[in-house]
Amino acid sequence: MTHLANKLDAFYKKENSKILFKGEITLSEIALSMWEMLGNQAIDASVVSRVIHGKRLFTPSQLEAFIKILQVNEYEAWELRAALQ
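Attention here is on the structure that accompanies the text. Bear in mind that the values here come from a model prediction, so they are computed numbers and not experimental data.

So, about the overall build of the protein. For the protein, the helix and strand inventory stands at five helices and three strands. When the helices and strands of the protein are listed from N to C terminus, the series reads α-β-β-β-α-α-α-α. What you see for the protein is a C-alpha radius of gyration of 12 Å, in line with the 12 Å of a compact globule of 85 residues. With respect to the principal axes defined by its C-alpha atoms, the protein has extents near 30 × 30 × 25 Å. Counting all 85 residues of the protein, 39% fall into the buried class. For the protein, the proportion of contacts with a sequence separation of at least 24, taken over those separated by at least 6, is 54%. Roughly 5000 Å² of accessible area belongs to the protein as shown, and the carbon and sulfur atoms make up 50% of that amount. Once the 10 positive and 10 negative side-chain charges of the protein are each reduced to a mean point, those two points are 5 Å apart.

Here it is as structure tokens:
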């Protein structure tokens, strides 16, 4: 598991067979919001799933979209950016 995946653990929970992010946003909903924010490209639910399971990393722009959508506070955003490094 990547350091980023470990930090992302704080932003979601598994409920039944669903992954829910803060605010009860589903994996598909966050992926769609990120896709729209990134100009209808560069992300889908499988990418988000692989990132949270430590099989790949977000790009910097994907991480910024994730931070904005979940309204991550400045300290947590700094931690996520550092983890991506």
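With respect to the helices and strands, the residue Ser49 is situated in helix 3 (residues 45-52). Look at Ser49 and you get partly exposed, because its relative accessible area is 22%.

What follows concerns the nonpolar core. Grouped together as the largest cluster of nonpolar side chains are 29 residues, with contacts concentrated most on Phe21, Phe58 and Phe66. For this core, the secondary structure elements donating two or more residues are helix 1 (3-8), strand 2 (18-21), helix 2 (27-37), helix 3, helix 4 (60-69) and helix 5 (74-84). By residue number, the principal contributor to this core is helix 4, which donates five residues. Here Phe66 is in contact with Leu8, Phe11, Phe21, Ile30, Met34, Phe58 and Leu80, once residues within four sequence places are set aside.

Time to look at the sheet that holds strand 2. Pairing in this open sheet of three strands is antiparallel, and the strands run 1-2-3 from one edge to the other. Strand pairing shows two members of the sheet lacking a second neighbour, strand 1 (12-15) and strand 3 (25-26), which therefore form its edges. Examined bridge by bridge, strand 1 and strand 2 share four bridges and lie antiparallel to one another. Looking at strand 2, one finds that Tyr12 is bridged to Phe21.

This part covers the pattern of salt bridges. According to the stated counting rule, one finds five salt bridges in the structure shown. A salt bridge links Glu76 to Lys22, with the shortest nitrogen-to-oxygen separation between them at 3.8 Å. Placement of Glu76 in helix 5 and of Lys22 in the loop between strand 2 and strand 3 is noted, with a sequence separation of 54 residues between them. With relative accessibility at 22%, the residue Glu76 sits in the partly exposed group.

At Glu24, a residue that is not glycine, the phi angle is positive and equals roughly 65°. One can find Glu24 in the loop between strand 2 and strand 3. Note on Glu24: relative accessible area 44%, which makes it partly exposed. The phi dihedral of Gln71 falls on the positive side, at around 50°, and the residue is not glycine.

Analysis parameters
Residues numbered from 1 in each chain as written. Predicted model: local features only at pLDDT ≥ 70, side-chain atom pairs only at ≥ 80, totals over all residues. Heavy atoms only, no water. Helix = DSSP H or I, 4+ residues; strand = E, 2+ residues; numbered from the N terminus. Rg over C-alpha atoms; globule rule 2.2 N^0.38 Å. Buried < 20%, exposed > 50% of the residue type's maximum accessible area, 1.4 Å probe, protein only. Contact = heavy atoms within 4.5 Å. Areas by Shrake-Rupley, 256 points an atom, 1.4 Å probe, with all protein chains shown as cover. Lys, Arg positive; Asp, Glu negative; His and termini not counted. Charge placed at Lys NZ, Arg CZ, Asp CG, Glu CD. Core = buried A, V, L, I, M, F, W, Y, C linked by side-chain atoms within 4.5 Å. Pairing = 2+ DSSP bridges. Salt bridge = Lys/Arg side-chain N within 4 Å of Asp/Glu carboxyl O.

Honestly, it's all geometry; don't read function into it.
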